[in-house]
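# Architecture at a glance
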There are 2 protein chains.
Amino acid sequence: METNKIIGKHTVRLPSLPVVKGFASVVGKKEGQGPLRSSFDLINEDTSFGEKTWEKAEAKMQSEAFRIASEKSGVSPLQIERMFAGDLLNQCVGSSLASRESGIPYFGLYGACSTMAEGLSLAAMAIDGGFASYTAAITSSHFCSAERQYRMPLEYGGQRTPTAQWTCTASGCVILGTQGNGPVIQSITTGQIVDAGICDANNMGAAMAPAAYSTLSNLFTETSTSPQDYDLIVTGDLGSVGARILRDLFSGEGVELGEVYNDCGILMFSPSQDVHAGGSGCGCSAAVLCGHILEGMMNGRWRKTVFAGTGALHSPTSVAQGESIPGICHAVVICSEKETSR
Amino acid sequence: METNKIIGKHTVRLPSLPVVKGFASVVGKKEGQGPLRSSFDLINEDTSFGEKTWEKAEAKMQSEAFRIASEKSGVSPLQIERMFAGDLLNQCVGSSLASRESGIPYFGLYGACSTMAEGLSLAAMAIDGGFASYTAAITSSHFCSAERQYRMPLEYGGQRTPTAQWTCTASGCVILGTQGNGPVIQSITTGQIVDAGICDANNMGAAMAPAAYSTLSNLFTETSTSPQDYDLIVTGDLGSVGARILRDLFSGEGVELGEVYNDCGILMFSPSQDVHAGGSGCGCSAAVLCGHILEGMMNGRWRKTVFAGTGALHSPTSVAQGESIPGICHAVVICSEKETSR
């Protein structure tokens, strides 16, 4: 056993540097009208993806993201030995319906909007631990299935608060392998649950920001780095409210995140798209990672990136029962291959 | 990277043999009246665990299982580097509420009733991969929170069908470490999703049995073993209907599971307890593992056990939309220490 992988309580390094073999993003119409439109592999104009229900549309979107990632990576579904998948739907049915014909050994996850970072963490650990040659991480969210489940039926036309985020209709999939020329996963920082006492389900940014602060602080401390050691630090999805809180929490400690910091929920939409505090949903950070971020790393725009997925681990039931919203954040450090001592 | 851990597409061996440092089970009143009553660490007589809602009771039950497992193992919560947790509640809030004060890096899972086997698989892989010195796997289910969510409010007094299973009020927790004298995890067989086309949410045994058959077949084939190479093969939870189907599926291939085979849903209750096809719920197999099975292994009753958790990956929404029920099964081979070539 190589105990030297453990850098700190939350952080492990992955000496074998699992490689991003391929990735794909699939989004709905509104996301396809946003500033990242050119980075997505597939934009569905009516967001139904040809299905009769929003839940089936979400599953279809996830199947498509996997199909395209597999094609782009050159890795056949038959070669993939572990799939890590999850979504926001009750009992994560978007993922189980999407993967039921794949034949791939499957681990179901629930990490709310942190699911992509959680899945990528576990998929990379499965490779580095010697348990698989190829793994996949996938997630999705759908505005219409999420609104119905978490808030109101769309037909109700409920008013949204200024702190509310817009659940993205989006899916992202990453396929990892042991060898190749893509970006590599250098380390994983696993979050503990942080509950800041926020009870407003329309202010998830505030509920998740303290968890992001906890995990990023642990990452910097345990790896002896500071924000300026990275080209890009991106949370997903704190939105504008949560991102502001995160910056303030670090400023209070004398640390400025500065221009290297951004958030997937902010990146996904332009201010004119009327999404209030920004995008959210498992699919938001997944589609931004599996387009904008990984493309930018392939193109040399960024060489060392922190992808920090943030999740609000509440349910409509827990909120109705007066419980505050537990937050979590998982961080993955992704490097261009040449930047690492491979 | 040690690629020789990969025995087959679904199966990996764990050369470092992660050790069961401790385990605990907590159950409700009805489970405490069943044949396994002496194996549980805590039985709550009113199943509310002192809380005001069933969901909070479930979280409390999970906290208690963790507390007792930590005490029994001698491993402090501060030493545990990764927690793998999940449950049946929408957005898995039983687990997130239970773990929010633990300070342990946390991976949320959704595997329905297979969650204990899924968590145990990942917790063991995290140890064997060199990513942690101590890990924990935990899950729970509660009859009252599950009935409300999946079927009818209890007050409705709905009739149950003969194939229906009884969601156990139960939680189980296992703590793993790198060294010690407990039983060890020898191999992991990860299931792929198998959908047999069953649409009846009151017949989960039939929906899950083909997945159990798939995973156990893969285990036997990939490790070149047969049922008679094990002292105990236990599924959790097919109940009497699903267990019969599983036996028949193997018989059709000329393989008899024989007397080494049993099911946690059958073990949990006596026929006089009126639970129809048996127990179910994440907590059922977890509490049977973390009592009856692991105690039996500590006492020398069994030396080589297959713990095969089975899950039905549907939701009330997916069933209402006419979708069939995807099943999954994850198997973990647990050995008495002296039986392995440690």
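Every chain is numbered on its own, with residues counted from 1 as its sequence reads. Each chain gets a letter, beginning with A, and each ligand a number, beginning with 1, in the order they are written. Selection of residues for local features in this predicted model requires a pLDDT of at least 70, selection of side-chain atom pairs for listing and counting requires 80 or more, and totals for whole chains, interfaces and linings are taken over all residues. By convention in this description, side-chain values take in all heavy atoms of the structure and omit both hydrogens and water.

In this text, helices come from DSSP runs of H or I with a minimum length of four residues, and strands from runs of E with a minimum of two, each type numbered from the N-terminal end. Looking only at helices and strands, one finds 10 helices and 15 strands in chain A. This radius of gyration counts C-alpha atoms alone. The globule rule is 2.2 Å times how many residues there are, raised to the power 0.38. In terms of C-alpha radius of gyration, chain A reaches 18 Å, essentially the compact-globule figure of 20 Å for 342 residues. Over its C-alpha atoms, taken along the principal directions, chain A stretches across nearly 55 × 50 × 35 Å. Residue exposure (1.4 Å probe, protein chains only): buried if accessible area is under 20% of the type maximum, exposed if over 50%, otherwise partly exposed. Buried residues in chain A amount to 67% of all 342 residues. Pairs of residues are marked as contacts when any of their non-hydrogen atoms sit within 4.5 Å. The contacts of chain A with a sequence gap of at least 6 include a subset with a gap of at least 24, amounting to 77%. Note on areas: Shrake-Rupley with a 1.4 Å probe; residue coverage comes only from the protein chains shown. Carbon and sulfur atoms make up 48% of the accessible area of chain A, which amounts to about 10900 Å² in all.

Let us look at the interface of chain A and chain B. With 69 residues of chain A at the contact, the number on the chain B side is 69 residues. Counting each side, the surface lost to burial between chain A and chain B is near 5600 Å², with a carbon and sulfur contribution of 59%. Per-residue buried area on chain A facing chain B is highest for A:K9, A:Q91 and A:F131; these three make up 15% of the total on that side. Salt bridges are identified by distance alone: a Lys or Arg side-chain nitrogen within 4 Å of an Asp or Glu carboxyl oxygen. Along the contact surface separating chain A from chain B lie six salt bridges. Take the side of chain A that touches chain B: its biggest share by element is six residues, from helix α4 (residues 115-128) of chain A. Ten residues, namely Ala, Val, Leu, Ile, Met, Phe, Trp, Tyr, Cys and Pro, are considered nonpolar, four, namely Asp, Glu, Lys and Arg, are considered charged, and the remaining ones, Gly among them, are considered polar. Tallied by class, the residues present in the side of chain A that touches chain B amount to 30 nonpolar, 26 polar and 13 charged. Two parts placed together each lose some accessible area under a 1.4 Å probe, and adding up what both lose gives the buried area.

Residues and elements named next belong to chain A. Among the nine residues that make up strand β14 (residues 304-312), eight are buried, leaving the element largely enclosed by the rest of the structure. Pairing between two strands is assigned when DSSP locates at least 2 bridges connecting them. Bridging between strand β11 (residues 232-236) and β14 involves five bridges; their strand directions are parallel. When the sheet's bridge partners are listed, G236 is paired in β14 with G309. Here β14 runs beside strand β15 (residues 326-335); their pairing, made up of nine bridges, is antiparallel. What sits directly across from K304, in β15, is C335.

Okay, unusual backbone geometry next. Residue and element names in this part refer to chain A. Cis geometry marks the peptide bond from G236 to D237, where omega comes out at 15°. Looking at the element boundaries, D237 is found in the loop between β11 and α7 (239-252). The backbone phi angle of T47 is positive, close to 60°, even though this residue is not glycine. Mapped onto the fold, T47 is located in the loop between β3 (42-43) and α2 (54-73).

Time to look at the confidence of the model for chain A. A low pLDDT means the predicted coordinates there should not be read in detail. Scored between 0 and 100, pLDDT is the confidence that the predictor attaches to each residue. Residues with a pLDDT of 70 or more make up 98% of chain A, whose mean pLDDT is 95. Listed scores for the predicted complex are pTM 0.97 and ipTM 0.97.

A few words now on the relation of the copies chain A and chain B. You can overlay chain A on chain B at an RMSD of 0.0 Å; the transform is a turn of 180° with a shift of 0.0 Å along its axis. When the rotation and shift are considered jointly, the pair of chain copies conforms to a two-fold rotation axis. In this comparison the copies share one frame, found by least squares on the C-alpha atoms of residues holding pLDDT of at least 70 in both.

Glancing now at the packing of helix α4 (residues 115-128) of chain B against helix α9 (residues 282-298) of chain B. Residues and elements named next belong to chain B. In this analysis an axis means a line fitted to C-alpha atoms, helices contributing only their contacting stretch, and an angle means the value between N-to-C directions, from 0 to 180 degrees. Where α4 contacts α9, the axes come no closer than 8 Å and their chain directions differ by 60°. Relative to α9, the element α4 lies oblique. Where α4 abuts α9, its residues T115, M116 and L120 lie against C282, S285, A286, L289 and C290. Class assignment of the residues belonging to the contact of α4 with α9 gives a composition of six nonpolar, two polar and no charged. Angle categories are assigned with fixed cut-offs, so that under 35 degrees is roughly parallel, over 145 is roughly antiparallel, 65 to 115 is roughly perpendicular, and the rest are oblique.

Residues and elements named next belong to chain A. Two aromatic rings from Phe, Tyr or Trp, using only the six-membered ring of Trp, form a pair when their centres are within 6.5 Å; if the ring planes differ by under 30 degrees the pair is stacked, by over 60 it is edge-to-face, and anything between is tilted. Per the stated rule, a full pass over the model turns up 10 aromatic pairs over all chains. On the basis of an interplanar angle of 25° and a centroid distance of 5.4 Å, the ring pair of F84 and F107 is categorised as stacked. Here F84 is found in strand β4 (residues 82-87), whereas its partner F107 is found in strand β5 (residues 106-108), with 23 residues between them in sequence. The pair formed by F84 and F107 is uniform in burial state, with each residue classed as buried. Within the aromatic cluster, the residues linked to one another by ring pairs are Y213, F220, Y230 and F250. Its end group placed over the ring of W166, K30 keeps NZ or CZ at 4.4 Å from the ring centre. Here, a charge over a ring means that NZ of Lys or CZ of Arg falls within 6 Å of the ring centre while also lying within 35 degrees of the ring normal.

Opposite charge on two side chains makes pairing possible when the charged atoms of those side chains draw close. Summed over all chains, the structure comprises 22 salt bridges over all chains. Of the charged contacts in the structure, one is a salt bridge between A:D195 and B:R100, with a shortest N-O distance of 2.6 Å. Of the two residues, A:D195 is situated in strand β10 (residues 194-195) and B:R100 in the loop between α3 (93-99) and β5 (106-108); the pairing between them involves two chains. Judged by its relative accessible area of 25%, A:D195 falls in the partly exposed class. What makes B:R100 buried here is its relative accessible area of 17%. The residue B:R100 makes a salt bridge to A:E323 at a minimum N-O spacing of 2.5 Å. Taken together, the positions of B:R100 in the loop between α3 and β5 and A:E323 in the loop between α10 (316-320) and β15 put the pair across two chains. Exposure remark for A:E323: the relative accessible area of 12% places this residue in the buried category. Residues joined in a network through salt bridges with shared partners are A:K56, A:R100, B:D195 and B:E323.

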